[in-house]
Amino acid sequence: MLLSVTEIFALSPEQKSYLQSLGSIRLCTAPESPPLDAIVDGEHTGMNAEYFKIFKSKLPIPVELVLSTTWNESLVMIQNNQCDIISLVAETPQRREYLYFTDTYVQIPFVIVTTQEKFFISKISLLKDKPLGVIKGYAYVDLLRNRYPEINLVEVESRTQGLEYVSSGKLYGFFSGLHLAGYGIQEGGYTNLKINGQFDELSTINLGIGVHHSKKPLVAIFNQLISEVTPEQTKRIDNSWRRVQFDISESYRHITFIIIVCLILLIGFAVIYLQARKHNKILEEKEKEQWHQAHFDFLTNLPNRRLLVERLEQTLKSHQRNQKQFAVILIDLDGFKEVNDSLGHENGDKLLVEASKRLKQSLRQSDTIARIGGDEFVALLTHIKEDFLIGSVLQKILLAFQEPFIVEKNPVYVSTSIGVTIYPQDLKEGENELTLLKNADQAMYAAKKTGKNNFHFFTQSMHEEALYRLDILTDLRTAIKKDEFEVFYQPIIELPANTVTKAEALIRWRSPKRGLVPPDKFIPTLEESRLINQVGDWVFETASSYLEENSNNSFRISINVSPVQLKTQTLKHWRERIKASPKLEGKLVLEITESLLLEAETAKDLKKMRDAGFKIAVDDFGVGYSSLSYLRNFPIDYLKIDRSFINDLTPNSNEYYLCQAIVAMAHQLNIEVIAEGVETLEQQNLLKSLNCNFIQGYLHAKPMPVDEFNAFIKNQG
């Protein structure tokens, strides 16, 4: 039963329906982290509880607290789907495997606790080789390990244990959030401890709500709730739980004496502190300046070779743990020496500064670009999920240097020779980050030998593959501009009358250089580069125009829809196109692959398309992982039996009984069946005996250009 909801919080009909289906939201939290979060006698208390009071007042269904004893137990419970959400959680790569994350709603300053006699700590790098406590299972543990692999982290079970170890000298320091550290020091009575430092490189911990992968719609709902928390509410909650109160039982005279003594001591300490702080600040500024001069190129302000090697070493360690790819790209400016000699060093320096800007713009924000000397630069590309990304970056760099540099109002052309090496395949056991730089250097010289203004991979097989994919991608872009694509139509025959009532629209590429290219040679590249959206729109428009020009009440055309098109939500204007042309309603069939049925959002997307007037067909059925009973959850009109079941179709064969089962069960679900790859009269007769609705294949016609297709239809009539 839905609760009343304030008018401020507006839910979409889909969100209301989703929450109605849930009935309640199960919440896991941190049971032992006061003042941020805690469970006391089964009751939720702390800053987080205050926020959830606000959220609960606006939600139409209750939020039920799932009790746990430790934070690690809460994490295990959400992994096992015993909770729908977990609060005050930081995002890490490991947690992304089972959680989606909302926006931040609590930010906690990140500090270190030490004993009173320790000097102020301004950088984490100063703590190398010192034992430092962290709470097991907390997100900042992974962040520290990934960013500072050289520091010695000691995992403890709780905040109390960490503070106790620091107090007794077992640990040099203990990492924590400011609220948690202050609360723990006061509650534990640790008079010998202090909050010693906060770090620029890791200044705050951003906490949001983690949503189990099976409850993704809750992300948008809680993001909306978080956005509606007012600054006044945030300030009230923060002040309420950060404030520390003391019970004073001493007499007024005693208190007055203590205050006077404290003031005298405070003034003395203040003078000493201010002098020391001033001195430390001067030293710190000098240290920062010296560090910057030692690690950054004075001309371009890019990282220099020293800093690059340090980052490369850290990247190598983190990727060895995660078993992920990264690439080292060495870029040399072709012809720079001639420019420097002819126009002077001052103009050469200006060109280098402009070149560094173009290189930086060609990379992702997460990548590193460094100048290692003269006219040589190195790019470090991390966390590469697809090899295609490397080719894309290389193409951007080459294109960036096609435009001339303007030096003293004159255009100057400088190209690039690029060497590429990839971890882990180019690094043997026992080799280090310097080997990768050497590999990239060798590959760069290979690029120069082959004519400059190009790139070369360290391994020949990758080099050839990258060149082929880049070449075919370039040709595909040209094909789009020059209208080299065609739509062929293959008739679909209705049984038992053997009449043509449908056709499938199939794209073909008639390349002047390559001839008629089969779809399997270029469709994957279209999908990887996202050009499939543009080409798919053209196929849709071509088929739509054909139907409008050749109006027939019963004729339909099928269009193949790539998973990329469905996932990137590019089909909205298709629905608008049908709405604007009543002739098209019910005439277009969208063919999706069977694998898409396993995607969580597919049912919702297909319903939108079907409501707009499209029919839906599942292509190549039987070769994926779905089942006929699974189809009950989707708005499907047609099922296309994969040709692998038809090739060996004979009476009493396994294929015969499989087709018989598919047709019978599909009809029970009011789904019509189309058999693909029908090439013999025997196959047609067997399918007809099984009450298959339609057949498609070379028995009746191959895919053909539109003129041949029109003639075929006319002859059939």
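Residues numbered from 1 in each chain as written. Predicted model: local features only at pLDDT ≥ 70, side-chain atom pairs only at ≥ 80, totals over all residues. Heavy atoms only, no water.

In this section: the pattern of salt bridges. This model, assessed by the stated rule, comprises 25 salt bridges. Close ionic contact of K448 with D334 constitutes a salt bridge, the shortest N to O distance being 2.6 Å. Linking K448 in helix α14 (residues 433-449) with D334 in strand β14 (residues 325-334), this pair joins segments that are 114 residues apart in sequence. Its salt-bridge partner being D611, residue K607 comes within 2.9 Å of it at the nearest N-O pair. Note that K607 and D611 are positioned in helix α20 (residues 602-611) at a spacing of four residues, about one turn of the helix. Take K607: its relative accessible area is 48%, and that puts it in the partly exposed class. Of the residues examined, D611 reaches a relative accessible area of 56% and is grouped as exposed. (Salt bridge = Lys/Arg side-chain N within 4 Å of Asp/Glu carboxyl O. Helix = DSSP H or I, 4+ residues; strand = E, 2+ residues; numbered from the N terminus. Buried < 20%, exposed > 50% of the residue type's maximum accessible area, 1.4 Å probe, protein only.)

Let's shift gears to empty space enclosed by the protein. On inspection of all chains with the given rule, the structure shows one cavity of 30 Å³ or more. Taken as a whole, the largest cavity spans an internal volume of roughly 220 Å³. Lining the largest cavity we find 17 residues, and of these L36, L88, Y138, L180 and L207 sit closest to its centre. Among the secondary structure elements, those contributing two or more residues to the lining of the largest cavity are β6 (85-89), α4 (139-147), β11 (173-177) and β13 (204-212). Taken together, the residues of the lining of the largest cavity sort by class into 13 nonpolar, three polar and one charged. (1 Å grid on protein atoms, 1.4 Å probe; cavity = no way out; pocket = protein on both sides within 12 Å on 5 of 7 lines; lining within 4 Å. Points joined across faces, edges and corners; volume = space filled by probe spheres on them. Nonpolar A, V, L, I, M, F, W, Y, C, P; charged D, E, K, R; others polar.)

With that out of the way, let us pick up the state of the cysteines. For the coordinates displayed, the defined rule picks out one disulfide. One disulfide in the model links C28 with C83; its S-S distance is 1.8 Å. Of this pair, C28 sits in strand β1 (residues 25-28) while C83 sits in the loop between α3 (71-79) and β6, and the two are 55 residues apart along the sequence. Here C28 matches C83 in class, with each residue buried. No disulfide involves C692; its nearest neighbouring cysteine sulfur is the one of C659, lying 7.9 Å away. (Disulfide = S-S within 2.5 Å.)

Turning our eyes to something else, we now look at the nonpolar core. Core analysis: the biggest nonpolar cluster contains 76 residues, and F55, Y140, F175 and F222 have the highest contact counts within it. Residues A479, F485, L526 and L596 belong to the second largest nonpolar core, which totals 74 residues. (Core = buried A, V, L, I, M, F, W, Y, C linked by side-chain atoms within 4.5 Å.)

Now for the environment of F326. Structurally, F326 is set in strand β14. F326 gets classed as buried once you look at its relative accessible area, which sits at 0%. Distance in space between the C-alpha atoms of F326 and P424 is 7.8 Å, their sequence separation being 98 residues. Not counting residues within four places of it along the chain, the set of residues in contact with F326 comprises L312, T315, L316, H319, L380, L381, T382, I384, T421, I422, Y423 and L436. (Contact = heavy atoms within 4.5 Å.)

Distances and angles like these do not, on their own, reveal function.
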